[in-house]
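Below, each chain spelled out in residue letters.
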Amino acid sequence: MNYLLRMRDIVKRYPGVLALDKVSIDLQPGEVHCLVGENGAGKSTLMKVLSGAVKKDSGEILINDKKVEYHSPSGSQALGISTIYQDFRLVPELSAAANIFLGREMKNDFFLNKKEMNIKAAETISQLGREIDVTLPVNSLSTAERQIIEIARAIIGNVKILAMDEPTAPLTSKECENLFGVIKKLKNNGVGIIYISHRLEEIFEIGDRVTVLRDGRNVRTAALKEVDKNDLIKLMVGRELADEYPRNKAAKGEEILRVENLNSEKITEVSFSLNKGEVLGIAGLVGAGRSELVRLIFGADKITSGKIFIGGKDLMIKSPAEAIKAGIALLTEDRNLLGLFMNLNVRENISVSSLGNMLTGIFVNKQKELIAAQNQFDKLRIKAPSIETAVETLSGGNRQKVVLARWLEMNSNILIFDEPTAGIDVGVKYEIYNLINNLAEQGKGVIVISSDLSELMGISDRITVMCEGRITGILQASEASQEKILDLATKFSSKVKYAG
Amino acid sequence: MQAKVRTAKFVELVSEFSIGLALIAEIILFSQFSQYFFTADNLLNVTLQASITAIIAAGMTFVILTAGIDLSVGSLVAFAGILATSVIKINLPVYLGLSLGILTGLLFGVFSGYIAGLFVTRFKITPFIVTLALMTIWRGVSFVFTEGRPIWDLPEVFSYLGGGRVAGVPVPTIIMIIVFVVSHIVLTKTRFGRYVYAVAGNPEAARLAGINTNKIIISVYIISGVLSAVSGILLASRINSGQPNAGLMYELDVIAAVVVGGTSLFGGRGTIIGTFLGAMLIAVLRNGLNLLNVGSYVQQVIVGVVILLAVLLDQLRKK
C-alpha cells in the first residue's frame, strides 16, 4: 500500500491535559480522510502537529514512507503540507491577493508582481465559485469571504497534503458545494485531504474513510461505506443520543421584546416580537443582516430610526452595557474575536460581566466569584483542568461554553445566540439545545441565529427569515421547510451582490 | 481542585520570581564588592533614588496593560512641579499655599491624563502620537511659563516632602510604597482592575461584555497623569525649585522599569509587583555601579544590557 502520509503514535501533552495519547492516522493519495470527535478530542491538536505549529512530544511522521522531522509551519509547507485552521490566520490589513501569496510572493526581479498575483488569486477564488475583489484588504471582507481566501491560500501552492479544520463552519450551503467541487478536483489530482468537520452529513458526502477520536485516543478508523451517522455519533460521544433536536415545550408567555421599524446602515424596516418561553430562529444567507440586527438590539451598533420595547417599555439602548442592564445577553458569532479574553483565565472570563453582583464594597468578593464560576463550570461541564486554566488552551466547544457561562451567570431575560453551535461537536450541540430549552422553560425569550437550517427548524418555535437587511417572512415551525426558508432568504436574489 | 488552583498561582509566582531572583542576585553581587552597599543607609538611599521614577512606573503599568503608552510623563513631572511651586510662592498662609500648590499640580495631572485619554478613545489617535504631542506641549509650556528660569526661594517646609524622613525612612520612599500597595490592590482586587485586563485583552469583546471601555482607558491615562504629577511635586521639593527641564527623558526610564518588570507592551499581561521589582532592579544597578565608581557613560551601556537580558529572561520563561 502506498501511503502519502502516516502519523504514528503521536503524543502531545499540555499542562494538565494529555491532548494526544498515541494517535495514529494515515492518508493515501487522492483520499479524503475525515477526522471526527467531540471538542477536546484532539483533532485540532493533531492538525497543529501535522502543520508544525505545535511540537509533538513523541511519535513519528512519515511522508511517502520516509520519516520526516520539521519544527515549524514553513517546514511542513516545504514538504507540500497545507493547513486551513479553524481560526483564521490572515493579515487583516493586507489585500486578499497579498494574503493568498503571503510568504511565496511572485516577483519581477526585485519588485512584487502584483498584477500577476491578483490575476492568479482571482482565478483560484473563482474556482471556488466566488467573485471577490482580491485587491480589497481582508478586514473589509465578510467571514465567509475570509474563509474562501484561507482556502485559496492553502490550495494555490504545490500542495500534496491538505488538512482542513472545519472549513465549512462559516459557509452557506451553496459555498459548501463549491468547496466540495474543489475538494473533488484536488482528489483527482492525487492530493490527500484530511478533513475535520462537525457536520456529519458533509463527511458522508465527500469522505472516503473516517477516523474517530475520543479524549485524545483513536477509537476507530473505517471506510465510510461501512458505517452510518448513528455509528459515528455513538463512537464520538461513547453513548447514544436521543433525538437530534429536542423540542422546546415551554408555555409561551407575554411579549418580552418587540422591535418596530428598526433601521440602520445595514438593516431596513425590521419589526418582530419575542414572547417569554419562546425560541425564535433567524435564518438567512451570510450577509443577510442577521448578526447586524441582533447587534442593534444589543446596542453594539448605531440605530438610525425605530423603536425597541423591552417588557412593553420603550427603551433607547445606546451601548451593550445598557442592553445588559435591560436584561439582554448576546452570544456573539465569533467567540475568539468578540467573546473571549485570551489573557484571562476561565473564571475571569465567566465573571467579567457579572462582577457588579460580586462586589463587597469596592472589592471583588473572591469567594462569591469562585463559587459562581465553579458552579457554571460544573453545570456546563466545561472540559478544563480547573477554572483557573487559561482559556487560550481550551478547545473550540469549551471556549463556547465559557462564553455561554458568562451570560448564564447574568441571568438575563432575553438571550440572543448568534451561531451558537458553529464548529461544535454533536455532543455539545445537544447540550446547547437542551440549555436553550431550559432557558425557555424558565420563561426567558431566546433568539437563535443559525446557518444550519435543519438545526434551526429543529429547535425554533418560529423562524424569521432575512434577506438583504430586511425580514422577508416569519414562519411557524410547523409550516417551515428548507425550500420555504431558502425561498424567502433569496427573495431579492436578483439583486444579491457579492462584495467587490 | 484546590491543588490545581495552587499550581496555577505557583506559575504566576515564578514569573514574578524570576525578576525577584535577578534582583537578589544583584544585591548579593554588589554586597561582595562594596561594604557600604548592604547597609540600611544605602538601601534606603536606593529606594529614595528609585522613588520618583518608580511612582510614575506604577501609573505607566496601567497604561501599558491596555496596550497604550504614555510618553508625556517626563514633561508632566516638570510642569506639575512648576505649577505647584508657583502657587506655593504666592503670598498665602504657608500651609494653605502648600496645599493649594500640591492640589494644583495634581489637578494638572488629572487634566493632562484626561486629554490624553480623550484623544485616544474619542478621536482614535494612537497613544504614542497623542502622548508624544503632549510631551512636547508640556515641555514647551514649562519653558514659556517660567521664561526658562527655575522657580525657587520656596518656604522651608516644602522641602520636607522630598527631603524629610519619618523614623529614618525618606518620605518619597513611603509615598512610593503607598502608591504601589494601592495600585496593586486596585489592579488585583477591584472590578476596575479586572476591567483593565479585559479591555487590554480584547477591547471589542470587553465592550460587548458590557464594559464602558472608553471610561477605563481614560481612567488609566488619568492615573498615569496624577502619579506623574505626584513625582513632579516630590522632585520639585527635593531640589527645592520648579525646573522647566526637570524629568527630562524620564519616560524612557519608566518604560524600562515596567518592561523589565514583565509587563507586555502589547498589553493584557503584567503586574504591579513586577514593575516594582523592575524599578528596583534598575535602581540597585545604578547605585551599585556608582559605589564601584563606574563612570556614567559605562553605566548607560550596562543598564541597557541588563534591560535586554531581563526581557530576554522573561521571554524564555514564557516558552
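Residues numbered from 1 in each chain as written. Chains lettered and ligands numbered in written order. Predicted model: local features only at pLDDT ≥ 70, side-chain atom pairs only at ≥ 80, totals over all residues.

Caption draft 1: Inspection of the overall build of chain A at higher detail. Looking only at helices and strands, chain A features 17 helices and 24 strands. A compact globule built from 500 residues would reach a C-alpha radius of gyration of about 23 Å, and chain A, at 23 Å, matches this within 12%. Seen along its three principal axes, the alpha-carbon backbone of chain A occupies a region of about 70 × 50 × 50 Å. With 500 residues in all, chain A has 50% of them scored as buried. Across chain A, the fraction of contacts at a sequence separation of at least 24, relative to all contacts at a separation of at least 6, is 69%. (Helix = DSSP H or I, 4+ residues; strand = E, 2+ residues; numbered from the N terminus. Rg over C-alpha atoms; globule rule 2.2 N^0.38 Å. Buried ≥ 20, exposed ≤ 12 C-beta atoms within 10 Å, placed from the backbone. Contact = placed C-beta atoms within 7 Å.)

Caption draft 2: Just the packing of helix α3 (residues 73–89) of chain B against helix α5 (residues 127–146) of chain B, in detail. Residues and elements named next belong to chain B. Look at α3 against α5: their axes get within 8 Å of each other, and the N-to-C directions meet at 30 degrees. If you check the angle between α3 and α5, you find them roughly parallel. Read as a crossing pair, α3 and α5 show a hand that is left-handed. Seen from α3, the contacting residues are G74, S75, L76, A78, F79 and I82; seen from α5, they are M135, W138, R139, V141, S142, F145 and T146. Looking at the contact of α3 with α5 residue by residue, the classes come out as eight nonpolar, four polar and one charged. (Axes fitted to C-alpha atoms, helices over the stretch in contact; angles between N-to-C directions. Parallel < 35°, antiparallel > 145°, perpendicular 65-115°, else oblique. Left-handed = near helix turned anticlockwise from the far one by under 90°. Nonpolar A, V, L, I, M, F, W, Y, C, P; charged D, E, K, R; others polar.)

Caption draft 3: Structural context of the nonpolar core. Grouped together as the largest cluster of nonpolar side chains are 243 residues, with contacts concentrated most on A121, I328 and I416 of chain A together with V196, A198 and L281 of chain B. Per-element tally for this core: the top contributor is helix α10 (residues 213–238) of chain B, with 15 residues. When residues of this core are assigned to domains, at least three map to each of domain 1 (5–237) and domain 2 (255–495) of chain A. Excluding residues within four positions of it along the chain, A198 of chain B makes contact with F341, L344 and V352 of chain A together with A206, A209 and I211 of chain B. (Core = buried A, V, L, I, M, F, W, Y, C linked by C-beta atoms within 7 Å. Domains from an automatic or database assignment.)

Caption draft 4: The arrangement of the interface of chain A and chain B in detail. Of the residues lining the interface, 24 residues belong to chain A; the matching set on chain B comes to 23 residues. Among the elements of the structure, α10 (320–325), α11 (335–339) and β20 (363–364) of chain A are those that each provide at least two residues to the side of chain A that touches chain B. In terms of residue class, the side of chain A that touches chain B is made up of 17 nonpolar, five polar and two charged.

Caption draft 5: Looking closely at helix α8 (residues 191–201) of chain B. Among the 11 residues of α8 of chain B, nine are classified as buried, and the element is accordingly described as predominantly covered. Within the sequence span of α8 of chain B, burial applies to G193, R194, Y195, V196, Y197, A198, V199, A200 and G201 of chain B. As for α8 of chain B, its buried residues are in contact with α12 (346–351) and β20 of chain A together with α2 (40–65), α7 (171–189), α9 (203–208) and α10 of chain B.

Caption draft 6: Seen up close, unusual backbone geometry. You will see that N411 of chain A, though not glycine, has its phi angle at about 55 degrees, which is positive. Looking at the element boundaries, N411 of chain A is found in the loop between α14 (396–410) and β21 (414–418). Judged by the 14 C-beta atoms lying within 10 Å of it, N411 of chain A is partly exposed. The backbone phi angle of N240 of chain B is positive, close to 50 degrees, even though this residue is not glycine. You can call N240 of chain B partly exposed: it has 17 C-beta atoms within 10 Å.

Caption draft 7: Fine view of the domain arrangement of chain A. Residue and element names in this part refer to chain A. One can read the domain layout of chain A as domain 1 (5–237) and domain 2 (255–495). Summarising the inter-unit geometry, the C-alpha centres of domain 1 and domain 2 are found 29 Å apart. Listed per partner, the contact involves 20 residues of domain 1 and 19 residues of domain 2. Listed by contribution, the elements that provide at least two residues to the side of domain 1 that touches domain 2 are α5 (143–155) and α8 (229–237). Ranked by the residues each element gives to the side of domain 1 that touches domain 2, the list is headed by α8, at three residues. In terms of residue class, the side of domain 1 that touches domain 2 is built from seven nonpolar, 10 polar and three charged.

Caption draft 8: The sheet that holds strand β15 (residues 279–283) of chain A, seen in detail. All names here are of chain A. Ordered in space as β18-β21-β22-β15-β23-β24, the six strands form an open sheet in which the pairing is mixed. Strands at the two margins of the open sheet, each flanked by one partner only, are β18 (328–331) and β24 (470–476). For this sheet, the mean inter-axis angle between neighbouring strands, taken without regard to orientation, is 20 degrees. Summarising the sheet, β21 and strand β22 (residues 445–449) pair through five bridges and their orientation is parallel. Bridging across to β22, I416 finds its partner in I447. Running at roughly 175 degrees to β18, α14 makes contact with β18 and β21 of the sheet. (Pairing = 2+ DSSP bridges.)

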